[in-house]
Amino acid sequence: METETVPRAMVTTSGELRERTAQARAAGKLIGLVPTMGALHEGHLSLIRRARAECGFVVVTIFVNPTQFPPGEDFERYPRDLAGDEAKARAAGADLIFAPPTSEIYPPDDSTFVEVTGPLVECLCGPHRPGHFRGVTTVCARLFNLVGPDRAYFGEKDYQQLLVIKQMVRDLHFPLAVVPVPTVREADGMAMSSRNSYLSPEERKAATALHRALSRAEEQVEHGERSAAALLAGVKEMIASEPLVSLQYVELRDAETLDALTALDRPAVLAVAVFVGKARLIDNVVIAR
Ligand code: PAF
């Protein structure tokens, strides 16, 4: 009697990945890609659910990408939970999880990077995390080539990353659509992030200052405030009132080009980075005007 083999939910080699995506493509399915570094939370799951709703075959990649962590950052202690991630990704609708070892993405003899240059990477997180975006675009380019997605899903919490990836996709003619997905927040407004797990209960409470500060800025805008200086001052004041939170930057920038703005005279992003204990956290609001 013939037994039907159930395809494995998780693969670790590019050969297995290509075989499965080729089958899906041959069956006429749209391929959706959700690239992640694991430690999946509701934010990631919303990307997977969106991909599930729009695509016939959903690939979730789980790879803690060493090249996007500048020296001294948290690569070694970045949270890892492959078994838990597999269960969560499957439950959210992933057809296939690709969790490669580092050598599968970066063969020992490789020497190619993909780098977006210019204003998009020279502001906000760029100067504070040298080489970070080069690492992100390099791994995403490699994953796009391996998976061959029709659509790739990225969270708006990493707003600058989203713009940098869109730029790379345009410049290198990757035949795929980059789909932005809104930030998912905890009940108290805190943006979901794998790095929230670094926070002690006290730090976690203090970290809500990030969202409170951005919400207050949104309220100021609703009441007619248009001056960047006034909005930035409000955020700085709120962050300064929390002794456990230290500000790295707060900036108001054009929502598409990331040009610095002195007045809210076009769609803009108000973006903040802070340290809370050992955790570096970012958040933003897009203000359409
Ligand atoms: O946003 C992330 O989790 C990572 O930067 C990404 C896009 C998976 C690349 O490693």
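Structure shown above.
To start, this report covers the structure provided alongside it. None of these values were measured; they are calculated from a predicted model. (Residues numbered from 1 in each chain as written. Predicted model: local features only at pLDDT ≥ 70, side-chain atom pairs only at ≥ 80, totals over all residues. Heavy atoms only, no water.)

**Some remarks on the overall build of the protein chain**
No. 1: Within the protein chain, the secondary structure is distributed over 10 helices and 9 strands.
No. 2: For 289 residues, the compact-globule estimate of 2.2 N^0.38 gives 19 Å, and the C-alpha radius of gyration of the protein chain, at 20 Å, lies within 12% of that figure.
No. 3: C-alpha atoms of the protein chain, sized along the principal axes, occupy 75 × 40 × 40 Å.
No. 4: By residue count, 53% of the 289 residues in the protein chain fall in the buried class.
No. 5: Residue pairs in contact within the protein chain that sit at least 24 positions apart in sequence constitute 71% of those at least 6 positions apart.
No. 6: Per element, the accessible surface of the protein chain, about 13,500 Å² overall, is 53% carbon and sulfur.
No. 7: When the 32 basic and 38 acidic side-chain charges of the protein chain are each reduced to a single mean position, those positions are 1 Å apart. (Helix = DSSP H or I, 4+ residues; strand = E, 2+ residues; numbered from the N terminus. Rg over C-alpha atoms; globule rule 2.2 N^0.38 Å. Buried < 20%, exposed > 50% of the residue type's maximum accessible area, 1.4 Å probe, protein only. Contact = heavy atoms within 4.5 Å. Areas by Shrake-Rupley, 256 points an atom, 1.4 Å probe, with all protein chains shown as cover. Lys, Arg positive; Asp, Glu negative; His and termini not counted. Charge placed at Lys NZ, Arg CZ, Asp CG, Glu CD.)

**Focus: the sheet that holds strand S3 (residues 57-62)**
No. 1: In space, the 6 strands of this open sheet follow the order S1-S4-S3-S2-S5-S6, with parallel pairing throughout. This sheet does not close on itself; its edge strands, each paired only once, are strand S1 (10-11) and strand S6 (177-181).
No. 2: Inspection of the sheet shows strand S5 (residues 151-155) paired to S6 by 5 bridges, in the parallel sense. Looking at the pairing, phenylalanine 154 lines up with proline 180 of S6.
No. 3: Contacting strand S2 (31-36), S3, S5 and S6, helix H2 (residues 42-54) crosses the sheet at an angle of about 155 degrees to S5. (Pairing = 2+ DSSP bridges. Axes fitted to C-alpha atoms, helices over the stretch in contact; angles between N-to-C directions.)

**So, the pairing of S2**
No. 1: Of all 6 residues in S2, 6 are buried, a share of seventy percent or more.
No. 2: Burial along S2 is two-sided: Ile31, Leu33 and Pro35 and Gly32, Val34 and Thr36, pointing in opposite directions, are all buried.
No. 3: Here 6 bridges tie S2 to S3, and the two strands are oriented parallel to one another. Looking across to S3, one finds that leucine 33 is bridged to valine 59.
No. 4: Once the chain exits S2 it traverses H2 before rejoining the sheet at S3, and the crossover so formed is right-handed. (Right-handed = clockwise from strand over helix to strand, strands pointing away.)

**A short note on the site of the ligand**
No. 1: Close contacts around the ligand come from Pro35, Thr36, Met37, Asn65, Gln68, Val136, Val139, Phe154, Asp158 and Gln161, and that covers them all.
No. 2: Interatomic distance of 2.6 Å between a side-chain N/O atom of glutamine 68 and an oxygen atom of the ligand.
No. 3: Within the side chain of glutamine 161, a nitrogen or oxygen atom sits 2.7 Å from an oxygen atom of the ligand.
No. 4: Summarising the interface, the protein chains cover 90% of the accessible area of the ligand, which totals 290 Å² for the free molecule.
No. 5: Listed by contribution, the elements that provide at least two residues to the shell around the ligand are S2 and helix H6 (132-147). (Near = heavy atom within 4 Å. Polar contact = N/O pair within 3.5 Å; in protein donor to acceptor, adjacent residues only side chain to side chain.)

**Focus: the side chain of glutamine 68**
No. 1: As for its placement among the helices and strands, glutamine 68 is situated in the loop between S3 and helix H3 (82-92).
No. 2: Side-chain polar atoms of glutamine 68 contact the side chain of asparagine 65, separated by 2.9 Å.
No. 3: Not counting residues within four places of it along the chain, the set of residues in contact with glutamine 68 comprises Met37, Arg129, His132, Gly135, Val136 and Val139.

**A short note on the side chain of threonine 36**
No. 1: Within the secondary structure, threonine 36 is located in strand S2.
No. 2: For threonine 36, the side chain forms a polar contact with the main-chain nitrogen of glycine 38, separated by 3.0 Å.
No. 3: The residues touching threonine 36, leaving out its near neighbours within four places in the chain, are His44, Val60, Thr61, Ile62 and Phe63.

**Observations concerning the sheet that holds strand S7 (residues 245-254)**
No. 1: Sheet architecture is open: 3 strands sit in the order S7-S8-S9, paired in antiparallel fashion. Each end of this open sheet is capped by a strand with a single partner; those strands are S7 and strand S9 (279-287). Strand-to-strand twist of the sheet, defined as the mean angle between neighbouring strand axes without regard to direction, takes the value 15 degrees.
No. 2: As defined by bridge partners, S7 adjoins strand S8 (residues 268-276) across 9 bridges and the pair is classed as antiparallel.

**Quick look at the packing of helix H1 (residues 14-26) against H6**
No. 1: Direction vectors running N to C along H1 and H6 enclose 55 degrees, while the axes themselves pass 9 Å from each other. On the basis of the axis angle, H1 is oblique to H6. Taking contact as the criterion, the partners of Ser14, Leu17, Arg18, Thr21 and Arg25 in H1 are, on H6, Asn145, Leu146 and Val147.
No. 2: Broken down by class, the residue content of the contact of H1 with H6 amounts to 3 nonpolar, 3 polar and 2 charged. (Parallel < 35°, antiparallel > 145°, perpendicular 65-115°, else oblique. Nonpolar A, V, L, I, M, F, W, Y, C, P; charged D, E, K, R; others polar.)

The analysis is restricted to geometry; functional conclusions fall outside its scope.
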